[in-house]
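Understanding the architecture of this molecule
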Amino acid sequence: SQTIHQWPATLVQPVGSPLSLECTVEGTSNPNLYWYRQAAGRGLQLLFYSVGIGQISSEVPQNLSASRPQDRQFILSSKKLLLSDSGFYLCAWSLRAGQLFFGSGTQLSVL
Amino acid sequence: RKEVEQDPGPFNVPEGATVAFNCTYSNSASQSFFWYRQDCRKEPKLLMSVYSSGNEDGRFTAQLNRASQYISLLIRDSKLSDSATYLCVVLRGGADGLTFGKGTHLIIQP
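Anyway, here's the lowdown on the structure attached to this text. (Residues numbered from 1 in each chain as written. Chains lettered and ligands numbered in written order. Predicted model: local features only at pLDDT ≥ 70, side-chain atom pairs only at ≥ 80, totals over all residues. Heavy atoms only, no water.)

With respect to the overall build of chain A
A tally of helices and strands in chain A yields zero helices and 11 strands. In chain A, the order of α-helices and β-strands from amino to carboxyl end is β-β-β-β-β-β-β-β-β-β-β. Rg of the C-alpha trace for chain A: 13 Å, near the compact-globule value of 13 Å for 111 residues, within the 12% margin. Overall, chain A is about 40 × 25 × 20 Å in size when its C-alpha atoms are taken along their principal axes. Burial analysis of chain A (111 residues in total) assigns 49% to the buried set. In chain A, of all internal contacts separated by at least 6 residues, the share reaching a separation of at least 24 is 54%. Taken as a whole, chain A presents about 5,200 Å² of accessible surface, with 53% of it coming from carbon and sulfur. (Helix = DSSP H or I, 4+ residues; strand = E, 2+ residues; numbered from the N terminus. Rg over C-alpha atoms; globule rule 2.2 N^0.38 Å. Buried < 20%, exposed > 50% of the residue type's maximum accessible area, 1.4 Å probe, protein only. Contact = heavy atoms within 4.5 Å. Areas by Shrake-Rupley, 256 points an atom, 1.4 Å probe, with all protein chains shown as cover.)

Focus: the pattern of salt bridges
All names here are of chain B. Tallied over the full model, the rule gives seven salt bridges over all chains. Between Arg-59 and Asp-82 there is a salt bridge, with its nearest N and O atoms 2.8 Å apart. In this pair, Arg-59 is assigned in the loop between strand E6 (55-57) and strand E7 (60-65) and Asp-82 in the loop between strand E8 (70-75) and strand E9 (84-91), connecting sequence segments 23 residues apart. Taking the relative accessible area as the measure of exposure, Arg-59 reaches 22% and is therefore partly exposed. (Salt bridge = Lys/Arg side-chain N within 4 Å of Asp/Glu carboxyl O.)

Topic: the interface of chain A and chain B
If you look at the interface, chain A gives 21 residues, while chain B gives 17 residues. Among the residues chain A hides against chain B, the three largest losses belong to Leu-44, Gly-98 and Phe-102 of chain A. Together they make up 29% of the total. For the interface between chain A and chain B, the tally reads zero salt bridges. For the interface between chain A and chain B, the tally reads two residue pairs in polar contact (both at pLDDT 80 or more). Every element with two or more residues in the side of chain A that touches chain B is listed here: strand E4 (32-38), strand E5 (44-52) and strand E9 (87-94) of chain A. Across the side of chain A that touches chain B, the residue classes tally to 11 nonpolar, eight polar and two charged. (Buried area = accessible area lost by both parts, 1.4 Å probe. Polar contact = N/O pair within 3.5 Å; in protein donor to acceptor, adjacent residues only side chain to side chain. Nonpolar A, V, L, I, M, F, W, Y, C, P; charged D, E, K, R; others polar.)

Remember, this is a structural readout, not a statement about activity or role.
Next up, the structure:
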């Protein structure tokens, strides 16, 4: 069966520090991979998605970046965090459109 | 008009009651529709897909009205464990075509 792992679960970082969130999927090949952010009181915002290794599409211009170095690995990064980067970050995968399977999320607090 | 709109609630409903909420979407070319459930500080999970003819899964019934561009979710005999936020999700096509509503917060009271 397929599983998705996302870590860490919580993170507190100072403004201006770097960020690296990692997500891995097991039990499937060539999935579509996604990074979403959910800010307090807001809906899910798609940040990046990838349909294959090295293929990254960005939905929102900002100081975040994503990489897919391996088929089942998706990384969200930032060189310098802003206060506005605080939120609940979710990695997800899908094989069929509409059926997303989410990781357990990372609660990021930028102070 | 926002792409996907939901009443944020909260809907406070006594245990055992029936509750229904709607979601409207603006893109008439939307292809597929889903309801996801999200518990507090947890990840969203697919509850059910919404088919054109309507579909039922136990106590849950989903309906689609393409003419009026809304989908609905009905929960019968509500349980305390149904308390959660219900997200309406619309697919317009493509790998990035999913749009999530902000969710409707449901609280089932004993």
